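Coordinate analysis (summary)
Chain by chain, the residues run as shown.
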Amino acid sequence: MRIVRTETLISRGHYARSAHWRHTRKTIRDAAKSCCWPPGSGSFTIYPESGKKRGKGNGVLPIKREFIGSLKDRGWVIEGRAKNALGQQLGDFDAVIMGPEGPVVAEWETGNISSSHRSLNKMTMLLSSGLIAAGTLVVPSRELYKYLTDRVGNIQELEPYFVLWRSAACDNGVLEVVVIEHDTTSYDVPRIPKLTSGRAKG
């Protein structure tokens, strides 16, 4: 898997400049780049079929599982809980690790574009409240998106709202969107199966 773009929406204060964030950011990026298809192939080759029609295209959950498994092996807590400043539950994050200035959270998008907005809104709110130190959302590029489950969250549909998240009040913390893309396409590889597990679909 390739990372083709990183959009840093918030980068402020001591934590954004810290060695811990540099190390943690590299861990997240390495976990994303380690994803391969078919499994064990050493690269990411996708079956180039549009996901717009029912039963067509590729799923997303098996890719996410590889990313999450890589973070778990590095000591991250999977499906970590989050609360806002009022103590209200906000649902789980895909992966959480504690840092010296608060939790760092990561999400791999498997839902629709509304799910992507919720993830970034949740991270932004927690950053503004000082309840997390950093948040990263991983989404497909437009080129990868067209081969995946229809309407899965993607960079092109998020980008018009970046100005909103950039304007959030935050004195110390980081918010990033990491954009991933396949290495190549081939009709000789199997489609990525579409699965359903908990809140992740595809």
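No experiment lies behind these values; they were computed from the predicted model shown.

1. Observations concerning the overall build of the chain
The secondary structure content of the chain amounts to seven helices and 10 strands. Against the 2.2 N^0.38 benchmark of 17 Å for 202 residues, the chain shows a C-alpha radius of gyration of 16 Å, consistent with a compact globule. On the principal axes, the C-alpha backbone points of the chain span a range of 50 × 30 × 30 Å. Within the chain, contacts between residues separated by at least 24 positions form 74% of all contacts whose residues are at least 6 apart in sequence.

2. Focus on the pattern of salt bridges
For the structure shown, the criterion picks out nine salt bridges. The shortest N-O distance in the salt bridge between Glu176 and Arg25 comes to 3.0 Å. Here the residue Glu176 occupies a position in strand E7 (residues 173–181), and Arg25 occupies one in helix H2 (residues 19–33), the gap between them amounting to 151 residues. Note that Lys64 and Asp94 form a salt bridge whose closest N and O atoms lie 3.0 Å from each other. Here Lys64 is found in helix H3 (residues 61–73), whereas its partner Asp94 is found in strand E4 (residues 89–99), with 30 residues between them in sequence. For Lys64, a relative accessible area of 7% puts it in the buried group. Here the salt bridges do not stand alone but share partners, grouping Arg5, Glu7, Glu159 and Arg166 into one network.

3. So, the side chain of Ser70
Mapping Ser70 onto the fold places it in helix H3. Given a relative accessible area of 10%, Ser70 falls into the buried group. Leave out the neighbours within four places in its chain, and Ser70 touches Ala31 and Ser34.

4. Details of the nonpolar core
With 34 residues, the main nonpolar core has Phe67, Trp108 and Ile180 as its most contacted residues. Once you skip the residues sitting within four places of it in the chain, Phe67 turns out to touch Ile28, Ala31, Ala32, Cys35, Ala106, Trp108 and Val138. Counting residues in each nonpolar core, the second largest holds 22 residues, with Leu9, Ile10, Leu120 and Val177 among its members.

5. Focus on the confidence of the model for the chain
Summary statistics for the chain give a mean pLDDT of 90 and a share of 91% for residues scoring 70 or more. Confidence over residues 197–202 falls short of pLDDT 50; this stretch has 23 contacts with residues more than four positions distant or in other chains.

Conventions adopted
- Residues numbered from 1 in each chain as written.
- Predicted model: local features only at pLDDT ≥ 70, side-chain atom pairs only at ≥ 80, totals over all residues.
- Heavy atoms only, no water.
- Helix = DSSP H or I, 4+ residues; strand = E, 2+ residues; numbered from the N terminus.
- Rg over C-alpha atoms; globule rule 2.2 N^0.38 Å.
- Contact = heavy atoms within 4.5 Å.
- Salt bridge = Lys/Arg side-chain N within 4 Å of Asp/Glu carboxyl O.
- Buried < 20%, exposed > 50% of the residue type's maximum accessible area, 1.4 Å probe, protein only.
- Core = buried A, V, L, I, M, F, W, Y, C linked by side-chain atoms within 4.5 Å.
- pLDDT = per-residue confidence, 0-100.

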